[in-house]
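Here is how the chains run, residue by residue.
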Amino acid sequence: MPQIITSEEDPLELSCDALVVGAFEGSDGPQLSTVGVALDERLGGALSEALLAEGFKAKRGTSSLIATLGRVPAGTIAVAGLGAKDAVDPSSVRRAAGAVAKRLSERTEVVAVLDEGYGDAGSAAQVEGYLLGSYRYEKISSRDDTPERTTRVLVHGSAASVERGIAYAEATNRARDLVNDPPDRLTPKAFAARAKNVADIGGLACKILDEVELANGGFGGILAVAAGSAEPPRLVELNYDPPGATGRVTIIGKGVTYDSGGLSIKSAAGMQNMKTDMGGGAAVIGAMSVLAKLGTLVAVRALIPMTENMIGPAAMRVDDVIVHYGGRTTEMNNADAEGRLILADTIALASEEPSDAMVDIATLTGHMVVGLGDKIGGLFANDSDLMDELKAAGDLAGEDLWPMPLYEGYEKHLDSQVADQKSAGKREGGGISAALFIQRFVGTGIPWAHLDIAGPGRADAPHDLGPKGGTGFGTRTLLEWIEARGR
Ligand code: BES
Ligand code: MN
Ligand code: ZN
């Protein structure tokens, strides 16, 4: 990962491999930022000429690399497109920094000045974008051919904003690593051990319930899902308890380390990438890992149920009745609707402790992928303030969430002849009935929100802020939301 260093020096005077400046999309060609204009003057207008000759438009996410041929101390100028000037916000800065970081991955000394005029949020976003764009999963390979390269990135901006950007990116990239790890390595046990590790470095208390404790505790949903697997389940609890906390929230993440669909087995194509079914849990762990570093004032309790959903002689049967933690019963009518079963137990447990708000995050339904695509997460809430808070947090984080209804009319889709409810409703509105199902386990009076990140939890192609694979989606939204509640 690049090393980020703050500097107050004139970027034009710094000798480096690449100097990154911003440009806006204008009606008559690209419009350089303040530093860009100064640089252009120094070069006698050669920079703007080069951009014009290339037909560079400064659209969001595009960039142009121009060799300086020794006319300024920087070897290359990287012009990053920020899009139309009146629409620029920290998200554009983040994306531009990410896109340019990918193009400059071979450079060792980079000076980046994209944040001008956007204050602390802009410099944090620049740092965040640079680190997210630089993310790579370290391959499991017999060859150890990863080149040893440390890139130093010099940025302007207050130390605090830079630290914040680093923390947000570090949290996201930690979640990405967890999601990208193969499921034979990241078993529920290994996932729990990784969470413990994060707790140790992140100054958190950690408690792990194993399969025996889960059985004794009556966690019927988690046990039913784990029953078909040779790997025992875990329930991980992480606690961040700052002295003089101004509030207390609970975050819960789905941690299915592999979802084969169980006896309602998925198709060969549908099973691909189902190692990413712990993306919600990864986002929760990633966010928790930097709370102490950020000095967050809110106490946060995190719960992550971890299990595989496999086929085996003891696998839960379609038609089984499950008794959840707390006693509610579910007729299990589709073994591939496993996420809600483990969330149900966990939410019931979480509801026993007082908390100002509860948020769960899960790669819960394919319906949400069909409805919102792979860039937007579905946002459900039983409280409109909480809905607004999370929507705003997502906007700041550059993670788009769309409000979805907890439509009462679909409650009847969950009616069961043999238990309190069925696990899976109809195909139509399936993302909504999944949310309605887990809502039933939320304690009375607790503001609760549910993020269905089945789409954006994984990227099928490289994007401005990272490569194909786990995105860590939700990590930064959780952080923005938690931090905002502490202000
Ligand atoms: N893990 C899947 C949801 C999913 C689908 C995540 C695609 C990422 C990409 C979940 O456990 C699941 O299988 N859901 C079923 C529910 C259905 C059986 C009611 C689905 O969406 O089809
Ligand atoms: Mn499933
Ligand atoms: Zn699943």
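In this text the structure is predicted, and so the values were computed from the model without any measurement.

Conventions used here
- Numbers given to residues run from 1 along each chain, matching the order in which its sequence is written.
- Naming scheme: in the order in which they are written, chains are lettered from A and ligands are numbered from 1.
- Since the coordinates come from a predicted model, pLDDT governs what is reported: local features require at least 70, and pairs of side-chain atoms require 80 or more to be given and counted, while whole-chain, interface and lining totals use all residues.
- The basis for every side-chain value is the complete set of non-hydrogen atoms in the structure, without hydrogens or water.
- Coordination here is defined by N, O and S atoms within 2.8 Å of the metal (3.2 Å for Na, K and Ca), and since water is not considered, a site can look incomplete.
- Four donors are marked tetrahedral only if all angles between them lie between 85 and 135 degrees, whereas four are marked square planar and six octahedral if opposite donors are more than 155 degrees apart and the other angles lie between 65 and 115; the remainder are marked irregular.
- Segments assigned H or I by DSSP are reported as helices when at least four residues long, segments assigned E as strands when at least two residues long, and all are numbered from the N terminus.
- Relative accessibility thresholds used throughout: buried, under 20% of the residue-type maximum; exposed, over 50%; partly exposed, between the two (1.4 Å probe, protein chains only).
- Like charges are joined within 9 Å and nonpolar side chains (Val, Leu, Ile, Met, Phe, Trp, Tyr) within 5 Å, but only among residues with over 30% relative accessible area and no salt bridge; these make up the patches.
- The accessible surface values rely on the Shrake-Rupley method and a 1.4 Å probe; as for residues, cover is taken only from the protein chains in view.
- Salt bridges are defined as contacts in which a side-chain nitrogen from Lys or Arg sits within 4 Å of a carboxyl oxygen from Asp or Glu.
- We define proximity as follows: a residue is near a molecule or strand when any one of its heavy atoms falls within 4 Å of that partner.
- Side-chain atoms alone can form a polar contact between residues adjacent in sequence; in general such a contact is a pair of N or O atoms within 3.5 Å, and within protein one must be able to donate a hydrogen while the other accepts it.
- Of the two site types, the cavity is a set of points on a 1 Å grid over the protein atoms alone where a 1.4 Å probe fits but cannot get out, and the pocket is an open set with protein on both sides within 12 Å along at least five of seven lines, each lined by residues with an atom within 4 Å of a point.
- Being in a pocket or cavity means that more than half of the molecule's atoms lie within 2 Å of its grid points.
- As a working rule, the residues Ala, Val, Leu, Ile, Met, Phe, Trp, Tyr, Cys and Pro are called nonpolar, Asp, Glu, Lys and Arg charged, and the rest polar, with Gly in that last group.
- To estimate how far a helix should extend, the number of its residues minus one is multiplied by 1.5 Å.
- It is the directions from the helix axis to the C-beta atoms whose arc is reported.
- Grid points are joined across faces, edges and corners, and a volume is the space filled by probe spheres set on the points.
- Throughout, the edges of the domains are those of an automatic or database domain assignment.
- Note on contacts: a residue pair is in contact if any heavy atoms of the two residues lie within 4.5 Å.
- In short, buried area is how much 1.4 Å probe accessible area vanishes from two parts on joining, totalled over both.
- Fitted lines through C-alpha atoms give the axes, limited to the stretch in contact for helices. The angle between two N-to-C directions lies from 0 to 180 degrees.
- By definition, turning the near helix anticlockwise from the far helix through less than a right angle yields a left-handed crossing, and turning it clockwise yields a right-handed one.
- Aromatic pairing here means that ring centres of Phe, Tyr or Trp (its six-membered ring) are within 6.5 Å. Orientation follows from the plane angle: under 30 degrees is stacked, over 60 is edge-to-face, and everything else is tilted.
- Remark: a charge is flagged as sitting over a ring if the NZ atom of Lys or the CZ atom of Arg is within 6 Å of the ring centre and within 35 degrees of the ring normal.

Comments concerning the coordination of the manganese ion (ligand 2)
In this structure, Asp259 (OD), Asp336 (O), Asp336 (OD) and Glu338 (OE) serve as the protein donors to the manganese ion (ligand 2), at separations of 2.1 to 2.2 Å. Considering all six donor atoms around the manganese ion (ligand 2), the spread of angles at the metal, 75 to 171°, places the coordination shape in the irregular class. Counting along the primary sequence, the residues that act as donors to the manganese ion (ligand 2) give the motif D-x76-D-x1-E. Between the two metal centres, the manganese ion (ligand 2) and the zinc ion (ligand 3), the spacing is 3.2 Å, with Asp259 acting as a shared donor. Of this pair, Asp259 sits in strand β11 (residues 255-259) while Glu338 sits in the loop between β14 (329-331) and α12 (339-350), and the two are 79 residues apart along the sequence. An identical accessibility class is assigned to Asp259 and Glu338; each is buried.

So, a nonpolar patch on the surface
On the surface, Leu263, Ile265, Ile311 and Val318 cluster together into a nonpolar patch covering about 320 Å² of accessible area. Along the chain, Val318 turns up in the loop between β12 (298-309) and β13 (321-323).

A short note on the site of ligand 1
Taken together, 16 residues lie near ligand 1, and Lys266, Asp277, Asp336, Glu338 and Gly366 sit nearest. Within the side chain of Asp259, an N or O atom sits 2.9 Å from an oxygen atom of ligand 1. Within the side chain of Lys266, a nitrogen or oxygen atom sits 2.9 Å from an oxygen atom of ligand 1. Here ligand 1 occupies the second largest pocket. In the shell around ligand 1, the residues fall into four nonpolar, five polar and seven charged.

Focus: helix α6 (residues 188-202)
The end-to-end C-alpha separation of α6 is 21 Å, in line with the 21 Å expected for 15 residues at 1.5 Å each. Of the positions making up α6, those classed as buried are Pro188, Phe191, Ala192, Ala195, Val198, Ala199 and Gly202. All buried residues of α6 fall inside an arc of 115° around its axis, so they share one side. In this structure, α6 carries Asp200 and Ile201 as exposed residues pointing more than 90 degrees from its buried face. Where α6 ends, the next residue or the one after it, Gly203, has phi of about 65°, a positive value.

Considering the pattern of salt bridges
In the structure shown here, the tally under the stated rule is 26 salt bridges. The salt bridge partner of Arg301 is Glu237, with a shortest N-O separation of 2.9 Å. Pair noted here: Arg301 is in strand β12 and Glu237 is in strand β9 (residues 234-240), with a separation of 64 residues, a long-range link. With a relative accessible area of 11%, Glu237 lands in the buried category. As a salt-bridge pair, Arg440 and Glu411 come within 2.8 Å of each other at their nearest N and O atoms. Of the two residues, Arg440 is situated in the loop between α15 (430-439) and β19 (448-452) and Glu411 in the loop between β17 (400-403) and β18 (421-422); the sequence distance between them amounts to 29 residues. Overlapping salt bridges bring together Arg94, Glu128, Glu399 and Arg476 as one network.

A closer look at the coordination of the zinc ion (ligand 3)
Working reference: metal with six octahedral donors, ideal angles 90 or 180 degrees; metal with four tetrahedral donors, ideal angle 109.5 degrees. Taken together, the protein ligands of the zinc ion (ligand 3) are Lys254 (NZ), Asp259 (OD), Asp277 (OD) and Glu338 (OE), with distances of 2.0 to 2.4 Å. Classification of the site at the zinc ion (ligand 3) rests on its six donor atoms, whose angles at the metal span 78 to 176°, yielding the label octahedral. Mapped onto the polypeptide sequence, the residues donating to the zinc ion (ligand 3) form the spacing pattern K-x4-D-x17-D-x60-E.

Observations regarding the layout of surface pockets
Over the atoms rolls a probe the size of a water molecule, and its path tells where empty space is left. Considered as a void within the structure, the second largest pocket measures approximately 950 Å³ in volume. Lining of the second largest pocket is provided by 38 residues; of these, Lys266, Met274, Thr365, Gly366 and His367 occupy positions nearest its centre. Elements that contribute at least two residues to the lining of the second largest pocket include exactly α9 (268-271), α12, α13 (366-372) and α15. The greatest single-element share of the lining of the second largest pocket, amounting to four residues, is contributed by α13. Looking at side-chain class alone, the lining of the second largest pocket contains eight nonpolar, 17 polar and 13 charged residues.

Observations concerning the domain arrangement of the protein
On domain assignment, one finds that the protein holds domain 1 (3-134) and domain 2 (169-485). The gap between the C-alpha centroids of domain 1 and domain 2 is 38 Å. Contact residues are listed per partner, giving twelve residues for domain 1 and 15 residues for domain 2. If you sort the residues of domain 1 by the area they bury against domain 2, Arg94, Lys102 and Leu132 come out on top, with a joint share of 55%. In this assembly, domain 1 and domain 2 are joined by two salt bridges.

Section: the packing of helix α5 (residues 159-180) against helix α10 (residues 279-288)
Two numbers describe how α5 lies on α10: the axes approach to 8 Å, and their chain directions differ by 145°. Handedness of the α5/α10 crossing: right-handed. Only Gly279, Ala282, Ala283, Ile285, Gly286 and Ala287 of α10 make contact with α5, whose side of the interface consists of Ala171, Ala175, Leu178 and Val179. Class assignment for the residues of the contact of α5 with α10 results in eight nonpolar, two polar and no charged.

Structural notes on the packing of aromatic side chains
In this structure the tally under the stated criterion is three aromatic pairs. On the basis of an interplanar angle of 25° and a centroid distance of 4.5 Å, the ring pair of Phe219 and Tyr325 is categorised as stacked. Here Phe219 is found in the loop between α7 (211-217) and α8 (220-226), whereas its partner Tyr325 is found in the loop between β13 and β14, with 106 residues between them in sequence. As far as the burial class goes, Phe219 and Tyr325 line up, both buried. Considering the side-chain rings of Phe437 and Phe441, the 5.4 Å spacing of their centres and the 45° angle between planes classify their relative orientation as tilted. Its relative accessible area of 0% is what places Phe437 among the buried residues. On the basis of relative accessible area, Phe441 is assigned to the buried category, the value being 5%. A cation over an aromatic ring shows up here: Arg328 above the ring of Phe441, its NZ or CZ 5.6 Å from the ring centre.

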